[in-house]
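Chains, contacts and geometry: an overview
Residues per chain, in single letters:
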Amino acid sequence: MSAHLPEEFVRRLGGVLGEELPEFLAALAARPVHGLRINTRKATRDGLERALGLRLEPVSWCPTGFVVPGSLGAHLAHRAGLFYLQEPSAMGPAEALGEQPGAVVADLAAAPGGKTTRLAELVGSDGLVAANDVDGRRLRSLHDNLDRWGADNVVTMSLSIDRLAAIAPEAFDAAVLDAPCSGEGLFRRDRDAVREWSPAAVRGAARRQARLLADAARLVRPDGLLIYSTCTFAVEENEERVAVFLAEHPDWEVEDAAAADPAFARGVDVAGQPTERTALLWPHRLRGEGHFVARLRRHRDAPGRRPARRRASDGTRRDPRTRAAWETFRRAHTPGLRVPEDLLVTRDDRIYLRPAADVPLPSDVLVRPGVSLGRARPGRFEPAQALAGLLAADAVSSVATWPDEDPRWAEYLGGAEIPDPGPDAWVLVCAHGWGIGWARRRGGVLKNFLPRALRTRA
Ligand SMILES: C[S@@+](CC[C@H](N)C(=O)[O-])C[C@H]1O[C@@H](n2cnc3c(N)ncnc32)[C@H](O)[C@@H]1O
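The numbering scheme is per chain: residues are counted from 1 as the chain's sequence reads. For a predicted model such as this one, the threshold for reporting local features is a pLDDT of at least 70, and the threshold for listing and counting side-chain atom pairs is 80 or more; totals across whole chains, interfaces and linings nevertheless cover every residue. Note that water and hydrogens are dropped before the side-chain values are worked out from all heavy atoms of the structure.

A few words on the overall build of the chain. Across its full length, the chain holds 14 helices and 23 strands. Only C-alpha atoms enter the radius of gyration, while the globule expectation follows 2.2 Å times N to the 0.38, with N the number of residues. In terms of overall dimensions, the chain is globule-like: its C-alpha atoms have a radius of gyration of 23 Å, near the 23 Å expected for 458 residues. Dimensions of the chain, computed from the C-alpha atoms along their principal axes, are close to 70 × 50 × 35 Å. By residue count, 59% of the 458 residues in the chain fall in the buried class. For the chain, the proportion of contacts with a sequence separation of at least 24, taken over those separated by at least 6, is 71%. Accessibility throughout is a Shrake-Rupley quantity obtained with a 1.4 Å probe, and a residue counts as covered only by protein chains that appear here. With the model as given, the accessible surface of the chain reaches about 19200 Å², and the carbon-plus-sulfur share is 49%. Distance between charge centres in the chain, computed from 63 positive and 61 negative side chains, equals 6 Å. Think of it this way: any DSSP run of H or I at least four residues long counts as a helix, any run of E at least two long counts as a strand, and we number them from the N terminus. For every residue, the accessible area obtained with a 1.4 Å probe (protein chains only) is divided by the maximum for its type, and the residue is called buried under 20%, exposed over 50%, and partly exposed between those limits. Whether two residues touch is decided by their heavy atoms; if any such pair falls within 4.5 Å, the residues are in contact. Here the positive residues are Lys and Arg and the negative ones are Asp and Glu; neither His nor the chain ends is included. Every charge is mapped onto a representative atom, which is NZ of Lys, CZ of Arg, CG of Asp or CD of Glu.

Below you can see the structure in the form of structure tokens.
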């Protein structure tokens, strides 16, 4: 691989790494590292090892993270949301925030959800993650991943960060900005990133990051945290961004992210700011790709612009038929699901389960005000894919499940109807104890309700 690296990239990295450069280049020529994070609501390490038939090798900086021998995206346990595929270094930014029970956190550049799914665990059921991505197409992949993961404390939106900052200044206890970057840390697994790299691309990314970082800071309350991360090594996009940010924002400081793990390297010292407190994750020093993480804290006594708006309307557009249709469905098909009445949000014919924490945002900016439960159709209620991901097999009245090697899986995942004797009902198709999707049994046949975009092509 190193033979194809741009000369200028190698020269620049030589300037940073000195005599470590050959080791770094050798690492880039090796195979990329694969990893996963366990969904702690759905699986344990032992259970997942049994399900996958392999030993999981711990990632020292992430208690739910493990190195695995290859990509496991096709495994049914992945379909059922028991784990999220993520290379180990990309686990660093969420861990830099750490456990924050009850916190209200904005994940500002969230798609496809690698950080969001972990943040949802770190804030717990009393907390909230507001996940945002400006790119509507990428937001769809965030939704797919959230549906599979099954978190009930996430709302989503699709705004540019400057617009969000204007709407909800200082509304968050913490924000994560996993910024778009030149992607040098992905060179080993993504040849397009190598082809698209140029010094001009690095400069362009740095300009954009400067704007995004300043906008992100406006969303955080005094004493709150901002995690800034990239998957690149370029000093202009990393340490320089932090140094300029600190110089321009005297009410912020950088906390030590590098001390979190012995395998993390310290950031390069620039512009007289303590940027050595930032962390660089180098592929030749640990089992993972490349990443940069900075943990920034706003001073406790920073002047507040205005008090955070903690309670906005949930935007319910009540249609009593929607609630009634949901209630009929819930009683018949998901008797094990406990949903507090006051957490239900209806938007015309759709109904959602909103997070227990108050959402500090006007409801009209939320693409999803919570977990989608389903939709009232004429004469029936159609359960959402997100509801399937939330449910365990023991929460529903009717389940279809087969051994992993059963040929009916290929049929179900391909969108086919499947003979299945039994009474007419909505059936949750489950693998490893958790919902993968819905089917409707009629006349002894399962009609397939797996969304088309999630079906495998023959
Ligand atoms: C590095 S990716 C995020 C990866 C994600 N955090 C994860 O862990 O799966 C950067 C994201 O920033 C988004 N983005 C770019 N400019 C943005 C802006 N002005 N506001 C919000 N999101 C933006 C991109 O669409 C892209 O999805």
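What follows deals with the sheet that holds strand β1 (residues 34–38). Here the rule is simple: two strands pair whenever DSSP picks up at least two bridges between them. Read from one edge to the other, the open sheet built from four strands follows the order β2-β3-β1-β4, with strand pairing classed as antiparallel. Unpaired on one side and paired on the other, β2 (57–59) and β4 (83–85) mark the two borders of the sheet. Taking each pair of neighbouring strands and ignoring which way they run, the sheet shows an average axis angle of 35°. The sheet contact formed by β1 and β4 spans three bridges and is antiparallel. Where helices are involved, their axes are fitted lines through C-alpha atoms of the stretch in contact, as for all axes, and angles between N-to-C directions lie from 0 to 180°.

Further remarks concern the domain arrangement of the chain. Per the domain assignment, the segments of the chain are domain 1 (2–298), domain 2 (310–379) and domain 3 (391–458). How far each domain reaches was decided by an automatic or database domain assignment. Between domain 1 and domain 3, the C-alpha centre-to-centre distance is 35 Å. Taken together, the contacts link 10 residues of domain 1 with 11 residues of domain 3. Joining two parts hides part of their accessible area as seen by a 1.4 Å probe, and the buried area is that hidden amount summed over both. The junction of domain 1 with domain 3 conceals about 980 Å² of combined surface from both sides, 66% of it contributed by carbon and sulfur atoms. Whenever Lys or Arg places a side-chain nitrogen within 4 Å of a carboxyl oxygen from Asp or Glu, that contact is recorded as a salt bridge. At the boundary of domain 1 and domain 3, one finds zero salt bridges. Whenever a nitrogen or oxygen atom comes within 3.5 Å of another N or O atom, the pair is scored as a polar contact, on the condition that within protein one atom can donate a hydrogen and the other can accept it, and that pairs from neighbouring residues in sequence are kept only if both atoms are in side chains. Put simply, domain 1 and domain 3 have two residue pairs in polar contact (both at pLDDT 80 or more) between them.

Consider a sheet: its strands pair through backbone hydrogen bonds, and that pairing is either parallel or antiparallel. Strand order in the open sheet made by the five strands is β19-β21-β22-β23-β20, with mixed pairing throughout. The open sheet has two free edges, formed respectively by β19 (399–400) and β20 (418–419), since each of these has just one partner strand. Bridge count between strand β21 (residues 425–431) and strand β22 (residues 434–442): seven bridges; the pairing is antiparallel. Residue pairing across strands places V427 opposite A439, the latter belonging to β22.

Let's shift gears to the packing of aromatic side chains. The rule is short: rings of Phe, Tyr and Trp, with Trp giving its six-membered ring, pair when the centres are within 6.5 Å, and they are stacked under 30 degrees, edge-to-face over 60, tilted in between. Counted by the stated rule, this structure contains 19 aromatic pairs. Clustering of aromatic rings is evident, with ring pairs tying together F9, F24, F187, W197, F233 and W282. Against the face of Y352 rests R347, its NZ or CZ located 5.9 Å from the ring centre. For a lysine, the NZ atom is tested; for an arginine, the CZ atom; a charge sits over a ring if that atom is within 6 Å of the ring centre and within 35 degrees of the ring normal.

Looking now at the nonpolar core. In this description, a nonpolar core means a group of buried Ala, Val, Leu, Ile, Met, Phe, Trp, Tyr and Cys residues linked to one another through side-chain atoms lying within 4.5 Å. In this structure, F24, L177, L226, L296 and L361 are the most contacted members of the largest nonpolar core, which totals 58 residues. Sorting elements by how many residues they give to this core places helix α10 (residues 199–217) first, with five residues. Of the residues that make up this core, three or more belong to each of domain 1 (2–298) and domain 2 (310–379). Within the second largest apolar cluster, 30 residues are counted, among which are L36, L52, F66 and L82.

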